[in-house]
There are 2 protein chains.
Amino acid sequence: MPEEERLNIVTCTAPVNIAVIKYWGKRDEELILPINSSLSVTLHQDQLKTTTTVATSRSFQEDRIWLNGKEEDITHPRLQSCLREIRRLARKRRNDGDPGLNSNGLSHRVHICSVNNFPTAAGLASSAAGFACLVYTLAQAFGVEGELSGIARQGSGSACRSIYGGFVQWIMGKEDDGKDSVAQQVEPENYWPELRILVLVASAERKPVGSTSGMQTSVQTSCLLKHRAESVVPDRMVQMIDAVKRKDFTVFAELTMKDSNQFHATCLDTYPPIFYLNHVSRQVINLVHRYNRHYGETRVAYTFDAGPNAVIFTLQQHVPEFVKVVQHFFPPDTNGGQFIKGLPVDCASLSEDLEQAIGLEPMPKGISYMISTKAGPGPCIVEDSSQHLLGPDGLPKITV
Amino acid sequence: MPEEERLNIVTCTAPVNIAVIKYWGKRDEELILPINSSLSVTLHQDQLKTTTTVATSRSFQEDRIWLNGKEEDITHPRLQSCLREIRRLARKRRNDGDPGLNSNGLSHRVHICSVNNFPTAAGLASSAAGFACLVYTLAQAFGVEGELSGIARQGSGSACRSIYGGFVQWIMGKEDDGKDSVAQQVEPENYWPELRILVLVASAERKPVGSTSGMQTSVQTSCLLKHRAESVVPDRMVQMIDAVKRKDFTVFAELTMKDSNQFHATCLDTYPPIFYLNHVSRQVINLVHRYNRHYGETRVAYTFDAGPNAVIFTLQQHVPEFVKVVQHFFPPDTNGGQFIKGLPVDCASLSEDLEQAIGLEPMPKGISYMISTKAGPGPCIVEDSSQHLLGPDGLPKITV
């Protein structure tokens, strides 16, 4: 194969992250600059990840992208922002005279193919993993190194946090050009090994208001959101980083719950109001508080993003019992598949005491399934070339 | 009958009120001083009222009270506050030498009997009407005149607003002793005759968190509530009073909805969070916004207190169609009684256009019934002595 037709191909994976101090509201729509800092835990890619293959070739006529098997519009402004920024950095590096750079590829068109290993219906923030993976993989393909979170941010705000593993803060920054609005790792993924995460996938009622338009309306109409961003979140960021560093589960858990509730409070203060929590979410919230009250300590915390699914944080030793509690109060659909996916969960019994202390009416099929996981690493390069999603012809190996 | 055994007996009625700028949170638990001012519409007593008979007699051995046919504990601190304050004013008046006062009654014990003409299950703030009626009737019995809202406030905060008809503000006041925390009529009940009110009684799921303990927890834990009280409500009070005076339904309605949502937002920001809105409430909220959007103007507004029932404000000309819409999307239980109680509502048809524009899944039996009413007067004396709830023996005529 002549040099100019050879495929430059690379495949990477990137994780989902779940915010414990929430991002809601932009001060700049185009650059995606937030009105407050936020903090998240990167979930392990063994359970939830996006895989992206990027190929460049002189023979490609145009930039193209396939998401979950379907070709999508490459001219989407946020995709274009990421492509433009990566190419700009690559040119800069060539102009700075980096000898390691294959400068040929700079003028080549790109084919991008991306898949999630979890259903979009799970309502998990797939755009964060997706844009982090896109930017990270493009960077590999174009030989770009260095700070990538600022580029991922321009694809989807929370994507910047998926550029790192473990505990990650997105510093809001002050500059108009957004240069200082980047993610930073607070602690790596192995820092707090006892911490466990359960994603409770609620049976979706319907598609709620999208987060982009939702946060726009909130910024325009909620006076509580403005106050939250200016006067509440700065202190909470300090407290949360401190709680993570000290591995203080009580503080971490309570702040996580309070911040989730406050985010949803600002959605309700939006006009017209936005509801992301449904009756299943409220039942999970009640269940968690009653569980903790029964033990007289905060053993479990919930957080909810712009949808009804709960993400539960707890410590390893409480997982079996709490999972049992969830199964009891949300009896699974027995016709379905496996209820617990991901990391194995030991069996536990549910004491009558605890059952009575919680005392909720069971809600059959309220939760479709749960994913048991933990904190995990940032984006990775996939070395096994059989994993590429694009074939030697530069087209997806599988389409739907 | 000898003079000393004669019964001094009086019967009065008092109205329910519904806040459009909400009261939530006390700065003084004992005196019941609020953290912000509030504004309400007094509902018409033809539909919703409390009736209270107070009798005093030298022959009574002790103060006693019967509520809705059942004897209750007269030593309840809030009842005692009201009794003490009325007796204090009566003594003051005697000491000031008012010749019209029957000063004999001052040392007499009191029997109190009170009933509501609406079920407590309706979840309407019966304590407001109840304490307003108690204080107003006691004042008649003891020959006390003048400002009574400050006394009613010490029974139940929002009761102070039921001392007046029409549109009423409760000025929070600044003094430590609460002397300046009183209600004032903004406009009388006939000021805005086109305004109509519909109480949509939601099928109750269970007893939610009581408002006394709920607001305590909110004051202690919600940073958004503090901000609301200090920085949001003062402006809203000015805007709302202005909207009432100008009869500007659009501003009145939007502020009413925003303030209801913000109150519930602060409940969600409370830790642990408090939920008063259920799935029926959320459906009503969505329905109202879609109805207004269809017409491109704000024709209908909702407000919710510490429970799932919606109170709807609209103008007379929109009542028939909106009621039809409610009946369509909340198909009533056909086995039950009348769905529409209170002021008669003309029939209307529901256009296919409107039905599709709303496009919600009907929720059968979500609403038990509705009460059609309007703004009404403050407490009244009942002249017809056959209406007394206490007999010549000073005991309730009817008990359960």
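Quick caveat: nothing in here was measured; it's all calculated off a predicted structure. (Residues numbered from 1 in each chain as written. Chains lettered and ligands numbered in written order. Predicted model: local features only at pLDDT ≥ 70, side-chain atom pairs only at ≥ 80, totals over all residues. Heavy atoms only, no water.)

*Asks:* Could you give an account of the domain arrangement of chain A, with specific residues and numbers?
*Replies:* A common measure of how large an interface is: the accessible area buried when the components associate. All names here are of chain A. Along its sequence, chain A is organised into domain 1 (3-189 + 380-387) and domain 2 (195-373). Each of domain 1 and domain 2 has a C-alpha centre, and these two points are 28 Å apart. Counting residues at the interface gives 29 residues for domain 1, matched by 43 residues for domain 2. When the two sides are added together, the surface that domain 1 and domain 2 hide from each other amounts to roughly 2900 Å², 72% of it contributed by carbon and sulfur. There are two salt bridges connecting domain 1 and domain 2. Residues Lys245 and Glu187 are paired through a salt bridge, measuring 3.1 Å at the closest nitrogen-oxygen approach. For the interface between domain 1 and domain 2, the tally reads nine residue pairs in polar contact (both at pLDDT 80 or more). Mapped onto the side of domain 1 that touches domain 2, the elements with two or more residues apiece are β2 (17-21), β5 (38-42), β10 (167-170) and β11 (183-187). A total of four residues in the side of domain 1 that touches domain 2 trace back to one element, the largest contributor, which is β2. Looking at the side of domain 1 that touches domain 2, its residues break down into 16 nonpolar, eight polar and five charged. (Domains from an automatic or database assignment. Contact = heavy atoms within 4.5 Å. Buried area = accessible area lost by both parts, 1.4 Å probe. Salt bridge = Lys/Arg side-chain N within 4 Å of Asp/Glu carboxyl O. Polar contact = N/O pair within 3.5 Å; in protein donor to acceptor, adjacent residues only side chain to side chain. Helix = DSSP H or I, 4+ residues; strand = E, 2+ residues; numbered from the N terminus. Nonpolar A, V, L, I, M, F, W, Y, C, P; charged D, E, K, R; others polar.)

*Asks:* I'd like a rundown of the interface of chain A and chain B, residues and numbers included.
*Replies:* Every contact between the two is made by 31 residues of chain A and, on the other side, 31 residues of chain B. Taken together, the two surfaces of chain A and chain B that pack against each other cover about 2500 Å², and 66% of this comes from carbon and sulfur. In this structure, the connection of chain A to chain B is made through three residue pairs in polar contact (both at pLDDT 80 or more). Residue assignment for the side of chain A that touches chain B shows that the elements contributing at least two residues are α5 (223-245), α6 (249-268) and α7 (279-295) of chain A. Ranked by the residues each element gives to the side of chain A that touches chain B, the list is headed by α6(A), at nine residues. When grouped by side-chain class, the residues that make up the side of chain A that touches chain B number 14 nonpolar, 10 polar and seven charged.

*Asks:* How would you summarise the sheet that holds strand β15 (residues 340-342) of chain A if you had to cite specific residues and measurements?
*Replies:* Residues and elements named next belong to chain A. Spatial ordering of the open sheet is given by β13-β14-β12-β16-β15, a layout of five strands whose pairing is mixed. Every other strand in the sheet has two partners, leaving β13 (300-304) and β15 as the edge strands with one partner each. Ignoring strand direction, the axes of neighbouring strands in this sheet form an average angle of 25°. In the sheet, β15 pairs with strand β16 (residues 367-373) via three bridges, with the strands oriented parallel. Its bridge partner being in β16, Lys341 is matched across the sheet by Ile371. Where α7 meets the sheet, its contacts fall on β12 (195-202), β13, β14 (310-315) and β16, and the angle it forms with β13 comes to roughly 160°. (Pairing = 2+ DSSP bridges. Axes fitted to C-alpha atoms, helices over the stretch in contact; angles between N-to-C directions.)

*Asks:* Could you give an account of the packing of aromatic side chains, with specific residues and numbers?
*Replies:* Taken as a whole and judged by the stated rule, the model has 24 aromatic pairs over all chains. Relative to Phe249(A), the ring of Trp192(A) lies with its centre 6.4 Å away and its plane at 75°, an arrangement referred to as edge-to-face. Taken together, the positions of Trp192(A) in the loop between β11 and β12 and Phe249(A) in helix α6 put the pair 57 residues apart, joining distant regions of the chain. Taken as a pair, Trp192(A) and Phe249(A) share a single burial class, namely buried. On the numbers, 5.2 Å between centres and 75° between planes, the contact of Tyr291(B) with Phe322(B) is edge-to-face. Here Tyr291(B), found in helix α7 (residues 279-295), pairs with Phe322(B), found in helix α8 (residues 319-329); they are 31 residues apart in sequence, far enough to count as distant. Taking relative accessible area as the criterion, Tyr291(B) reaches 0% and is therefore assigned buried. Aromatic ring contacts, followed pair by pair, group Phe167(A), Trp192(A), Phe249(A), Phe252(A) and Phe313(A) into a single cluster. (Phe/Tyr/Trp six-rings, centres within 6.5 Å; stacked < 30°, edge-to-face > 60°. Buried < 20%, exposed > 50% of the residue type's maximum accessible area, 1.4 Å probe, protein only.)

*Asks:* Let's hear about the packing of α6(A) against helix α6 (residues 249-268) of chain B: which residues, and what values?
*Replies:* Angle between the axes and distance between the axes are the two parameters that describe a pair of packed helices. Two elements in contact, α6(A) and α6(B), have axes whose closest approach is 8 Å; the angle formed by their N-to-C orientations is 175°. Comparing the axis directions of α6(A) and α6(B) gives the class roughly antiparallel. When α6(A) is examined against α6(B), the residues Asn261(A), His264(A), Ala265(A) and Leu268(A) are found in contact with a partner set consisting of Asn261(B), His264(B), Ala265(B) and Leu268(B). When the residues that make up the contact of α6(A) with α6(B) are grouped by side-chain class, the tally is four nonpolar, four polar and no charged. (Parallel < 35°, antiparallel > 145°, perpendicular 65-115°, else oblique.)

*Asks:* Run through the packing of helix α1 (residues 77-95) of chain B against helix α2 (residues 126-141) of chain B, naming residues and quoting values.
*Replies:* All names here are of chain B. The interhelical angle for the contact between α1 and α2, taken along N-to-C directions, is 25°, at an axis separation of 10 Å. The angle between α1 and α2 falls in the class roughly parallel. The crossing of α1 and α2 is right-handed. Residue-level contacts link Arg78, Leu79, Cys82, Leu83 and Ile86 of α1 to Phe131, Leu134, Val135, Leu138 and Ala139 of α2. (Left-handed = near helix turned anticlockwise from the far one by under 90°.)

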